[in-house]
Amino acid sequence: MSSFIALEGPDGSGKSTQAKLLAEEVGARGYDVLLTREPGGSPIGDQIRQILFTLNNKSMHPKTEFLLFSASRAQHVYEVIRPYLDKGGVVISDRYFHSSLAYQGYGHDLDLDTLKQITSFATSDLLPDLILLLDLPVEEGLNRRKSEGKWNRLDDYQLEFHQKVRQGYHAMVDEDPDRWAIVDASQPVERIQMEIRKVVFRHLASVQTLP
Ligand SMILES: Nc1ncnc2c1ncn2[C@@H]1O[C@H](COP(=O)(O)OP(=O)(O)O)[C@@H](O)[C@H]1O
Ligand SMILES: [Mg+2]
């Protein structure tokens, strides 16, 4: 049986680092695995990603942002994720729709029910089976990204906004706790990866047998 795993959390929490290490291990244990990311994950999605992350686009309205993320996501689901799951593989996505709910919904106060309806339309209700929340104090995440020089338009918002995003993630965990695992992302990389692997392989063992 297939499985869809998403990594969520603020910028700088280590999602990309952890997703890569996880995908390597999942593959090494004999699963067919696809590592992908949002926004992007498809050629069309990558073009949308460029628009979203260009510093020049400072005037972008949160609604425009949400719709672009959703457009990228629809393409990602239909072109990449769904077909891979249909073949029985394990998909690991570095962000998925809970990012948009956290940032544009909880962060920018767009109406959550509306965002959920649009998301449902864009994804045909494709939900991750397991979501790993890399949880980190907001200041720490922003400092990591600053120190590596990876600053983009979305980082430019105030600290308060990032606090709302973090609280939003926690609210979503509380709504559906069985689907989520919270990992303390302030630990060393190897330690975090160990925790993630424990959760992921327990999950995979419960849904499928090795090929
Ligand atoms: N556990 C960690 N402790 C300290 N620094 C980390 C840790 N994980 C990642 N980093 C560093 O923080 C930065 C952001 O990591 P990254 O994996 O790109 O996060 P994200 O994809 O969530 O934005 C990178 O410079 C990375 O090397
Ligand atoms: Mg990343």
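Conventions and cut-offs
Residues numbered from 1 in each chain as written. Chains lettered and ligands numbered in written order. Predicted model: local features only at pLDDT ≥ 70, side-chain atom pairs only at ≥ 80, totals over all residues. Helix = DSSP H or I, 4+ residues; strand = E, 2+ residues; numbered from the N terminus. Rg over C-alpha atoms; globule rule 2.2 N^0.38 Å. Contact = placed C-beta atoms within 7 Å. Pairing = 2+ DSSP bridges. Axes fitted to C-alpha atoms, helices over the stretch in contact; angles between N-to-C directions. Near = placed C-beta within 6 Å. Nonpolar A, V, L, I, M, F, W, Y, C, P; charged D, E, K, R; others polar. Buried ≥ 20, exposed ≤ 12 C-beta atoms within 10 Å, placed from the backbone. Core = buried A, V, L, I, M, F, W, Y, C linked by C-beta atoms within 7 Å. Parallel < 35°, antiparallel > 145°, perpendicular 65-115°, else oblique. Left-handed = near helix turned anticlockwise from the far one by under 90°.

Engineer: Tell me about the overall build of the chain, and name the residues and values.
Structural biologist: Across its full length, the chain holds eight helices and five strands. Each helix and strand of the chain, placed in order from N terminus to C terminus, yields the pattern β-α-β-α-α-β-α-α-β-α-α-β-α. The C-alpha radius of gyration of the chain comes to 16 Å, within 12% of the 17 Å expected for a compact globule of 211 residues. When its C-alpha atoms are laid out on the principal axes, the chain stretches across 50 × 35 × 30 Å. By sequence separation, contacts in the chain at least 24 residues apart represent 82% of the contacts at least 6 residues apart.

Engineer: Account for the environment of glutamine 47, naming residues and giving values.
Structural biologist: Counting through the fold element by element, glutamine 47 comes out in helix α2 (residues 43-52). Distance in space between the C-alpha atoms of glutamine 47 and serine 72 is 8.6 Å, their sequence separation being 25 residues.

Engineer: Could you give an account of the sheet that holds strand β3 (residues 90-94), naming the residues involved and the relevant values?
Structural biologist: The sheet built from five strands is open, its strands ordered β2-β3-β1-β4-β5 with parallel pairing. A strand with exactly one partner marks an edge of an open sheet, and here the two such strands are β2 (33-37) and β5 (180-184). Across the sheet, the mean angle from the axis of one strand to that of its neighbour is 20°, orientation sign disregarded. The sheet contact formed by strand β4 (residues 130-135) and β5 spans five bridges and is parallel. Bridging across to β5, isoleucine 131 finds its partner in tryptophan 180.

Engineer: If you had to explain the site of ligand 1 to someone new, which residues and values would you point to?
Structural biologist: Close contacts around ligand 1 come from 13 residues, with Gly14, Lys15, Ser16, Thr17 and Arg144 the closest. Contributing elements (two or more residues each) for the shell around ligand 1: α1 (15-28) and α8 (189-207). Considering every element that reaches the shell around ligand 1, the biggest residue donor is α1, with three residues. Looking at the shell around ligand 1, its residues break down into three nonpolar, six polar and four charged.

Engineer: Lay out the environment of leucine 130 in plain terms, naming residues and giving numbers.
Structural biologist: Structurally, leucine 130 is set in strand β4. With 21 C-beta atoms packed within 10 Å, leucine 130 lands in the buried category. Sequence spacing of leucine 130 and phenylalanine 4 is 126 residues, and the spatial spacing of their C-alpha atoms is 6.7 Å. Excluding anything up to four places from it in sequence, leucine 130 contacts Ile5, Arg179, Ala181, Val200 and His203.

Engineer: Kindly report on the nonpolar core, identifying the contributing residues and their values.
Structural biologist: A general feature of soluble globular proteins is that nonpolar side chains tend to end up buried together. In terms of nonpolar packing, the biggest core is built from 42 residues, with Ile5, Ile92 and Leu132 touching the most fellow members. Contact partners of leucine 132, with chain neighbours within four places excluded, come to Leu7, Glu8, Ala181, Val183, Ile196 and Val199.

Engineer: Lay out the packing of α2 against helix α3 (residues 62-86) with the relevant residues and their values.
Structural biologist: α3 packs onto α2 with a crossing angle of 165° between their chain directions and a minimal axis gap of 8 Å. The pairing of α2 with α3 is recorded here as roughly antiparallel in orientation. When the axes of α2 and α3 are compared, the crossing they make is left-handed. Between α2, through Ile44, Gly45, Ile48, Arg49, Ile51 and Leu52, and α3, the contact on the second element is made entirely by Glu65, Leu68, Ala71, Ser72, Gln75 and His76. Of the residues contributing to the contact of α2 with α3, the split by class is six nonpolar, four polar and two charged.

Engineer: Can you tell me about the packing of α3 against helix α4 (residues 97-107), naming the residues and giving the values?
Structural biologist: Look at α3 against α4: their axes get within 10 Å of each other, and the N-to-C directions meet at 180°. As far as their axial angle goes, α4 and α3 are roughly antiparallel. Contacts between α3 and α4 involve Pro62, Glu65, Phe66, Phe69, Ser70 and Arg73 on the former and, on the latter, Phe97, Ser100 and Gln104. In terms of residue class, the contact of α3 with α4 is made up of four nonpolar, three polar and two charged.

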